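Fold and contact review
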Amino acid sequence: MNIVVIGAQWGDEGKGKVIDVLSEETDILIRYQGGHNAGHTVIADGQEFIFHLIPSGLLHRGKVGLIGNGVVIDPEALLEEMQRLSARGIDVTQAVKISDQAHLIFPYHKKLDLLEEKSRAGRIGTTGRGIGPCYVDKVARCGIRVADLCDPHVFAEKLRQNVIEKNKIFQALYQEPPMSYEELLARYRGFADRLAPHVVNGVRFLHEAMRQGKRLLFEGAQGTLLDLDHGTYPFVTSSNATSGGACTGAGVPPTAIHRVIGVVKAYTTRVGEGPFPTEFSDQLMEQIRTKGKEFGATTGRPRRCGWFDAVVARHAIWVNGCHSIAVTKLDVLDEMETIQVCTGYRDGATMIEDFPSNIGTLTRCTPVYEALPGWRTETGEASCFEELPAAAQRYLKRLEALLGVPICLISTGSKREQAFKVGCW
Ligand code: IMP
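The following paragraphs examine the structure supplied in this document. (Residues numbered from 1 in each chain as written. Predicted model: local features only at pLDDT ≥ 70, side-chain atom pairs only at ≥ 80, totals over all residues. Heavy atoms only, no water.)

Okay, the site of the ligand next. Taken together, 15 residues surround the ligand, and among them Asp-12, Asn-37, Thr-127, Thr-237 and Arg-301 come closest. Take Val-271: an N or O atom from its main chain is 3.2 Å from an oxygen atom of the ligand. Computed on the free molecule, the ligand has an accessible area of 470 Å², of which 96% lies beneath the protein chains in the complex. Class assignment for the residues of the shell around the ligand results in 6 nonpolar, 7 polar and 2 charged. (Near = heavy atom within 4 Å. Polar contact = N/O pair within 3.5 Å; in protein donor to acceptor, adjacent residues only side chain to side chain. Areas by Shrake-Rupley, 256 points an atom, 1.4 Å probe, with all protein chains shown as cover. Nonpolar A, V, L, I, M, F, W, Y, C, P; charged D, E, K, R; others polar.)

With an omega dihedral of 5°, the bond running from Tyr-233 to Pro-234 counts as a cis peptide bond. Take Pro-234: it is sitting in the loop between β10 (216-219) and α9 (244-250). With a phi close to 60°, Asp-12 is a non-glycine residue in the positive phi region. Looking at the element boundaries, Asp-12 is found in the loop between β1 (3-7) and α1 (15-23). For Lys-329, which is not glycine, the phi torsion reads 60° and is therefore positive. Structurally, Lys-329 can be placed in the loop between β15 (324-328) and β16 (338-347). (Helix = DSSP H or I, 4+ residues; strand = E, 2+ residues; numbered from the N terminus.)

Here 10 strands make up an open sheet; going across it, the order is β9-β7-β5-β2-β10-β1-β11-β15-β19-β20 and the pairing mixed. Each of the sheet's edge strands pairs with one partner strand only, and the pair in question is β9 (199-200) and β20 (419-421). (Pairing = 2+ DSSP bridges.)

This brings us to helix α8 (residues 202-211). Listing the buried residues of α8 in full gives Gly-202, Phe-205, Leu-206 and Ala-209. Take α8 and look down its axis: the buried residues cluster within an arc of 90°, on one side only. Turned more than 90 degrees away from the buried face of α8, the exposed residues are Arg-204 and Arg-211. Where α8 is buried, its residues touch β2 (28-31), β5 (64-67), β7 (96-99), β9, β10 and α9. In the stretch just after α8, Gly-213 is the one whose phi turns positive, near 80°. (Buried < 20%, exposed > 50% of the residue type's maximum accessible area, 1.4 Å probe, protein only. Arc of directions from axis to C-beta. Contact = heavy atoms within 4.5 Å.)

On to the state of the cysteines, then. Overall, the coordinates contain 0 disulfides when judged by the stated rule. The cysteine Cys-150 is free of any disulfide, with Cys-134 supplying the nearest cysteine sulfur at 16 Å. By relative accessible area, which is 39% here, Cys-150 ends up partly exposed. No disulfide involves Cys-384; its nearest neighbouring cysteine sulfur is the one of Cys-408, lying 16 Å away. (Disulfide = S-S within 2.5 Å.)

Structure, rendered in structure tokens:
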């Protein structure tokens, strides 16, 4: 069975943990979009591992991970991550494959990301990793791909053109010094030699694997509300973080995907700017942030926190076609006396049940809440649904009813063992 795991909120839903559980039943793990803006945290045997570009399921021995064509790769960041994981005993030599069609991030992308963000009237709060500008080049058809890096002549020419172009922008728009073509060429040629053993034709690799009956797990990065098309545009990332992105970003047809699992936190968080209807405005922000350790795995920025928003999650379930959902961080709500769930929005006298496409409406509207009793009991030791306090069971059942899909997995803590399957995927 081939499964896609996606974030059904604004990212950081705890996908790493869910993927870790699912990896046992998988052979090949695939990242299909985004870049090292992502940070998937997995805690195994008391040790914390953070994955940025490499599929997090590689924590399990014998698995193979593919960085698909839809990913944008900063070679320096990837090599660093490989080194870091290798030093901690994770096999990256054989296990990491890179699609030759993936696009490369260059220092000029990063510089542009920071400069554009600074000069923008409404900041997006990007991670500053060069993700957006790299995807801009991909769409503008001047991007440089891994296959180009492996061909010294093509690479030298493409890089030369890009550096000329970007230096014009740096000088004319930002009065910034130009970047050195020679320096970049030498640096990236060094990366090419080190990455070459990992490079594959991603499409062939996956189709061959499927022919052999291997099971694939597609790891979505970020979340649906950060999706370029379906998120809170323009406060989004520059790729398709939704399940459809798995097809274009890996080179498999929709018919190859058998299951889509949406991951939600028992509450909501978001990093960066943009509307967030259920955001806390009181001391709850600090309480949940501290209890949930809500600080970005990539940038360390404090995450904005709020109540569970069923409008957001329903939108995600539609767009992704989720068969089931995994609910993470239930334990973070253990001490709450009352828990609010947003069931709709109100815009003046108008009730809104569908996620608004218009950012103005989204910024203006107020959430309509339903209050549910908290359980005020620790849930971290529960090993099945029936062991959860009755009020926690009611809360989860209410989420299922509001979202119209079954819960397949519940996580009640950061440790590997603090997660249990509820039904089928
Ligand atoms: P970019 O992806 O760096 O361009 O940032 C665009 C928006 O997506 C910003 O609001 C970021 O904070 C957000 N973002 C990017 N990656 C992640 C992630 O992995 N988790 C949560 N938010 C993210």
